[in-house]
Amino acid sequence: MSNDLAAVWEVALSDGVHRIEFEHGTTTGKRVIYVDGKVITTRLKEIKMTPSSNPEACSDFQEVLRRDWMFKLVGKETFNVGQADTKATINIDAVSGFAYEYTLEVNGKSLKQYMENRSKVTSTWLLNLDGTDCRIVLEKDTMDIWCNGEKIETAGEFVDDGTETHFTLGDHNCCVKAVSSGKRRDGIIHTLLVDGTEVAECTE
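Residues numbered from 1 in each chain as written. Predicted model: local features only at pLDDT ≥ 70, side-chain atom pairs only at ≥ 80, totals over all residues. Heavy atoms only, no water.

Take the overall build of the protein chain next. Per the secondary structure count, the protein chain includes two helices and 17 strands. Per-residue burial over the protein chain gives 37% buried out of 204 residues. Residue pairs at least 24 apart in sequence account for 34% of intrachain contacts in the protein chain once pairs closer than 6 positions are excluded. Per element, the accessible surface of the protein chain, about 12,600 Å² overall, is 48% carbon and sulfur. (Helix = DSSP H or I, 4+ residues; strand = E, 2+ residues; numbered from the N terminus. Buried < 20%, exposed > 50% of the residue type's maximum accessible area, 1.4 Å probe, protein only. Contact = heavy atoms within 4.5 Å. Areas by Shrake-Rupley, 256 points an atom, 1.4 Å probe, with all protein chains shown as cover.)

Structure below.
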């Protein structure tokens, strides 16, 4: 990681919380995106070579250009995050002089809007099982369940007051119960039970 680090975001998806870091060299034109510490994309600014430039230097630079895309200092970079290849875009805007503003969009929404919407369509629980920290995520629209980045095999059934989705983690029997709140505004309430004990939902 260089001294050109310009912005850092954390994005909670079903398969985990991903850390996005963006380097922007405003003098070199370099852009580097890291997701969870791994380089996703690297770009260099275009430098116009004059006919009188050193041919060897020009040749070396062209080699770089074949690997890296051309761009201006402002603009955007689009890439994918997580196992579901969620689309993310970093917008680079000039504020004044050599000052720049960086904003992150996820699936076409600002990070704040995306997380607010996500809180409506997912439920998340954090717990420790047999010494291992577990992050369990329920996707309400599909009833898919994830644990620490892996989609879990489940079995669903209808019961008198709603539905139950059963799965196991190690030697533990787990169940997500979905029951009507009886209130239109609150909709369906999802509760996680591990070995019959309710686990409190968390807010990310």
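From this point, the discussion proceeds with the structure in view.
Let us now look at the state of the cysteines. A complete count under the given rule lists zero disulfides for this structure. Counting only cysteine sulfurs, Cys174 is the nearest neighbor of Cys175, a cysteine outside any disulfide, at a range of 8.9 Å. Here Cys175 falls in the buried class, since its relative accessible area comes to 8%. (Disulfide = S-S within 2.5 Å.)

Time to look at the environment of His24. Tracing the chain through its elements places His24 in strand 2 (residues 16–24). Residue classification places His24 among the buried residues on the basis of a relative accessible area of 4%. Residues His24 and Tyr102 lie 78 residues apart in sequence; the distance between their C-alpha atoms is 9.8 Å. When near neighbours in sequence (up to four residues on either side) are disregarded, His24 contacts Asp4, Ala6, Lys30, Arg31, Leu73, Ile92, Tyr100 and Tyr102. Polar side-chain contacts of His24 include one of 2.7 Å to the side chain of Tyr102. (Polar contact = N/O pair within 3.5 Å; in protein donor to acceptor, adjacent residues only side chain to side chain.)

Turning our attention to the sheet that holds strand 6 (residues 86–96). Pairing is antiparallel across the open sheet formed by four strands, whose spatial order is 5-6-7-8. Looking at the sheet topology across the chains shown, the edges are occupied by strand 5 (75–81) and strand 8 (109–110). Note: strand 6 against strand 7 (residues 99–106), eight bridges, orientation antiparallel. Each bridged residue has a counterpart across the sheet, and for Ala94 the counterpart in strand 7 is Tyr100. (Pairing = 2+ DSSP bridges.)

This brings us to the nonpolar core. In terms of nonpolar packing, the biggest core is built from 19 residues, with Trp9, Ile20, Phe79, Ile90 and Leu104 touching the most fellow members. Contributing elements (two or more residues each) for this core: strand 1 (5–13), strand 2, strand 3 (31–35), strand 5, strand 6, strand 7 and helix 2 (111–121). Once residues lying within four places of it in the same chain are set aside, the contact partners of Leu104 are Trp9, Val11, Ile20, Phe79, Ala88, Thr89, Ile90, Lys109, Ser110 and Leu111. Residues Trp125, Leu129, Ile136 and Phe167 belong to the second largest nonpolar core, which totals 16 residues. (Core = buried A, V, L, I, M, F, W, Y, C linked by side-chain atoms within 4.5 Å.)

On the basis of which strands lie adjacent, the open sheet formed by four strands has the order 1-2-3-4 and antiparallel pairing. The open sheet has two edge strands with one neighbour each: strand 1 and strand 4 (38–43). On average, each strand axis in the sheet is inclined to that of its neighbour by 15°, with strand direction left out of account. Inspection of the sheet shows strand 1 paired to strand 2 by eight bridges, in the antiparallel sense. Paired with Glu10 across the strands is Arg19, a residue of strand 2. (Axes fitted to C-alpha atoms, helices over the stretch in contact; angles between N-to-C directions.)

You will see that Asp130, though not glycine, has its phi angle at about 55°, which is positive. Note on placement: Asp130 falls in the loop between strand 9 (122–129) and strand 10 (132–139). The exposure class assigned to Asp130 is exposed, which follows from its relative accessible area of 63%. The backbone phi angle of Asp195 is positive, close to 55°, even though this residue is not glycine.

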